[in-house]
Structures are given as structure tokens and as C-alpha cells.
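Residue strings, one per chain:
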Amino acid sequence: MASRVLRVGVVGSGPGGLYTTKYLLKAAAGARVDIFDALPTPYGLVRSGVAPDHPEVKSVQNDFDTVMEDERVRFFGNVQVGNHIDVEDLRKRYDAIVLSYGASFDRELGLPSENDFGNIFGR
């Protein structure tokens, strides 16, 4: 009797989503993972937020390349959950959904001097 395939949808292809996928595939050899990201390319800030001459970044990229090249993984870029597909659709298609996406805008904390000159916020 064949075992059932575990189907997982991961929203976000940055470090959190890709490390989750890496260890999920290791723990559940028969799993299939679809990764969705609002950006056209995976890896999040590892690709676009860190200088490429840092050797530890190259090591992480190589690790992520291995995950993305796995035949059990599919990547869907330029897909915004809540716009192109909603969470209810994902719930119908997958056994589990991992929400692992970053912030799309800054959130003010309401601290004194938060918006004074010299404070620079990153995303």
C-alpha cells in the first residue's frame, strides 16, 4: 500500500521559508513543497540585502540552491497571497501551510524621538 504524499505550501522564500523547506524534506522524504513569493526571485534578503562578497552569504546561497533544485520543490514567484491566491485556497490544496514572509513596510513603535533625524529603518 502506497503512503500518502505530504503536500506543503510555504509562503515566503527567504531564509525562514527555505530552511523550513530544507528540514521538512529531510524529515519527510515523500513530501512535496510549493514555495510562493511576492518577489520574482527566491532567497529574500540573502539575495538582495547582503553584499555578495561575504563568504558566509555564498555558503547560504549554495544551501538554498540545493533546496530549490530538489525535484520535490516548486517555486512560484510574483504571487501575492491575499491578491493572487488566498489562504483559504491554500488550505484546500495543502496538508500544511507555512507563513514565512517578511514585512512589506515599516511599523512605528511609538517611541520618543523615533522619527528624529538620524534614525534609519530597514526592511
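Residues numbered from 1 in each chain as written. Predicted model: local features only at pLDDT ≥ 70, side-chain atom pairs only at ≥ 80, totals over all residues. Heavy atoms only, no water.

S.K.: What exactly am I supposed to notice about the side chain of Asp34 here?
M.R.: With respect to the helices and strands, Asp34 occurs in strand 2 (residues 32–36). Within polar-contact distance, the side chain of Asp34 engages the side chain of Tyr94 at 2.6 Å. (Helix = DSSP H or I, 4+ residues; strand = E, 2+ residues; numbered from the N terminus. Polar contact = N/O pair within 3.5 Å; in protein donor to acceptor, adjacent residues only side chain to side chain.)

S.K.: Mind showing me how you'd approach the pattern of salt bridges here?
M.R.: Two side chains bearing opposite charge may form a pair once their charged atoms approach each other closely. A complete count under the given rule lists six salt bridges for this structure. The shortest N-O distance in the salt bridge between Asp63 and Lys22 comes to 3.0 Å. Of this pair, Asp63 sits in helix 3 (residues 55–69) while Lys22 sits in helix 1 (residues 15–27), placing them 41 residues apart in sequence. Classification of Lys22 by relative accessible area gives partly exposed; the value is 26%. Residue Arg72 is joined to Asp70 by a salt bridge in which the shortest nitrogen-to-oxygen separation is 2.8 Å. Overlapping salt bridges, with partners in common, bring together Arg7, Asp34 and Arg74 in one network. (Salt bridge = Lys/Arg side-chain N within 4 Å of Asp/Glu carboxyl O. Buried < 20%, exposed > 50% of the residue type's maximum accessible area, 1.4 Å probe, protein only.)

S.K.: How should I be thinking about the nonpolar core in this particular structure?
M.R.: Where a protein is soluble and globular, its nonpolar side chains tend to be buried together. By size, the foremost hydrophobic cluster in this structure holds 13 residues, and its most contacted members are Leu18, Val33, Ile35, Tyr43 and Met68. Every element with two or more residues in this core is listed here: strand 1 (7–11), helix 1, strand 2 and helix 3. With three residues, the single largest contributor to this core is helix 3. If you look at the next biggest cluster of nonpolar residues, it comprises six residues, including Val11, Val79, Ile85 and Leu90. (Core = buried A, V, L, I, M, F, W, Y, C linked by side-chain atoms within 4.5 Å.)

S.K.: So what exactly am I meant to see when it comes to the pairing of strand 2 here?
M.R.: Two faces, one strand: in a regular strand the side chains alternate between the faces of the sheet. For strand 2, the buried fraction is high: four of the five residues fall into the buried class. Direction of pairing for strand 1 relative to strand 2: parallel, over a ladder of five bridges. The partner of Val8 across the bridge, within strand 2, is Val33. Crossover strand 1 to strand 2 through helix 1 is right-handed. As paired strands, strand 2 and strand 3 (residues 73–76) are joined by four bridges and run parallel to one another. Along strand 3, the bridge assignment pairs Ile35 with Phe75. (Pairing = 2+ DSSP bridges. Right-handed = clockwise from strand over helix to strand, strands pointing away.)

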